[in-house]
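Each chain, letter by letter, is given below.
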Amino acid sequence: MLIKRQEGRRVYFKSDEVRACIVTCGRLCPGINTVIREIVCGLNYKYGVDDILGIEGGYRGFYSKNTLTLTPEFVNDIHKRGGTILRTSRGGHDTNKIVDNIQDGNKSGLLLNSRISILSGRPG
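Residues numbered from 1 in each chain as written. Predicted model: local features only at pLDDT ≥ 70, side-chain atom pairs only at ≥ 80, totals over all residues. Heavy atoms only, no water.

J.: What is the right way to read the pairing of strand β1 (residues 19–24) from this model?
T.: Two faces make up the sheet, and in a regular strand the side chains alternate between them. β1 sits mainly inside the fold: 5 of its 6 residues count as buried. With 5 bridges joining them, β1 and strand β2 (residues 51–55) adopt parallel strand pairing. Bridge pairing links Ala20 to Ile52 in β2. As for the winding sense of the linkage, the β-α-β connection from β1 through helix α1 (residues 32–47) to β2 is right-handed. (Buried < 20%, exposed > 50% of the residue type's maximum accessible area, 1.4 Å probe, protein only. Helix = DSSP H or I, 4+ residues; strand = E, 2+ residues; numbered from the N terminus. Pairing = 2+ DSSP bridges. Right-handed = clockwise from strand over helix to strand, strands pointing away.)

Written out as structure tokens, the structure reads:
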């Protein structure tokens, strides 16, 4: 859950410099499209992040460069669909290729969906 920053608290990123990515991997779980929708809307409306990519096909999507641009308008009604709009895969990925793609694509945040993990920080 994203919580809007409170007065007096610092935000350690400039929203116009952030490129966030969301990837679904592993098994499907109920409500995963709702989670994607809420992350996109939260990043956009609460934190001002406009550059949000969905990585299609699980981890392999990083090096096959299959991405969708995710906006609040695009994800508006995805919670009504089953499965995941990003498609998923299990295993068989090359971690080095993923890291290289994150660095080459200047991605500053990675949201891993199924079991949510957040990696932050500017690559470089």
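J.: What is the right way to look at the nonpolar core in this model?
T.: Soluble globular proteins tend to pack their nonpolar side chains together in the buried interior. Core analysis: the largest hydrophobic core is formed by 15 residues, its most contacted members being Ile22, Ile36, Val40, Ile52 and Leu70. Within the residue set of this core, elements represented by two or more residues are β1 and α1. With 5 residues, α1 is the single largest residue contributor to this core. Within the second largest apolar cluster, 7 residues are counted, among which are Ile55, Phe62, Ile98 and Ile102. (Core = buried A, V, L, I, M, F, W, Y, C linked by side-chain atoms within 4.5 Å.)

J.: Can you walk me through α1 in this structure?
T.: Side chains that are three or four residues apart share a direction in an α-helix, a result of its 3.6 residues per turn. Along its 16 residues, α1 runs 21 Å from first to last C-alpha, staying within 8% of the 22 Å computed at 1.5 Å per residue. Along α1, the residues that are buried comprise Ile32, Asn33, Ile36, Arg37, Ile39, Val40, Cys41, Gly42, Leu43 and Asn44. Directly after α1, the chain includes Gly48, whose backbone phi takes a positive value near 75 degrees. (Expected span 1.5 Å × (residues − 1).)

J.: Any chance you could explain helix α3 (residues 95–104) here in plain terms?
T.: For α3, the complete set of buried residues consists of Ile98, Asn101 and Ile102. In an axial view of α3, the angular spread of the buried residues amounts to 100 degrees, which keeps them on one side of the axis. What points out from α3, more than 90 degrees from its buried face, is the exposed set Asn96 and Asp104. (Arc of directions from axis to C-beta.)

J.: Hey, could you run me through the side chain of Thr24 in this one?
T.: Mapped onto the fold, Thr24 is located in strand β1. A relative accessible area of 1% means that Thr24 is categorised as buried. Separated by 2.9 Å, the side chain of Thr24 and the backbone oxygen of Arg87 make a polar contact. (Polar contact = N/O pair within 3.5 Å; in protein donor to acceptor, adjacent residues only side chain to side chain.)

J.: Would you mind going over the confidence of the model for the chain with me for this structure?
T.: Any region with low pLDDT has predicted coordinates that should not be read closely. With 73% of its residues at a pLDDT of 70 or more, the chain shows a mean pLDDT of 75. Taken together, the stretch residues 112–124 has pLDDT below 50 and engages in 34 contacts with residues farther than four places along the chain or on a different chain. (pLDDT = per-residue confidence, 0-100. Contact = heavy atoms within 4.5 Å.)

J.: Mind showing me how you'd approach the pattern of salt bridges here?
T.: Taken as a whole and assessed by the stated rule, the structure comprises 3 salt bridges. Ionic pairing is found between Arg19 and Asp51, a salt bridge with its closest N-O pair at 3.0 Å. Of this pair, Arg19 sits in strand β1 while Asp51 is found in strand β2, placing the two residues 32 residues apart along the sequence. By relative accessible area, Asp51 is classed as partly exposed at 28%. (Salt bridge = Lys/Arg side-chain N within 4 Å of Asp/Glu carboxyl O.)

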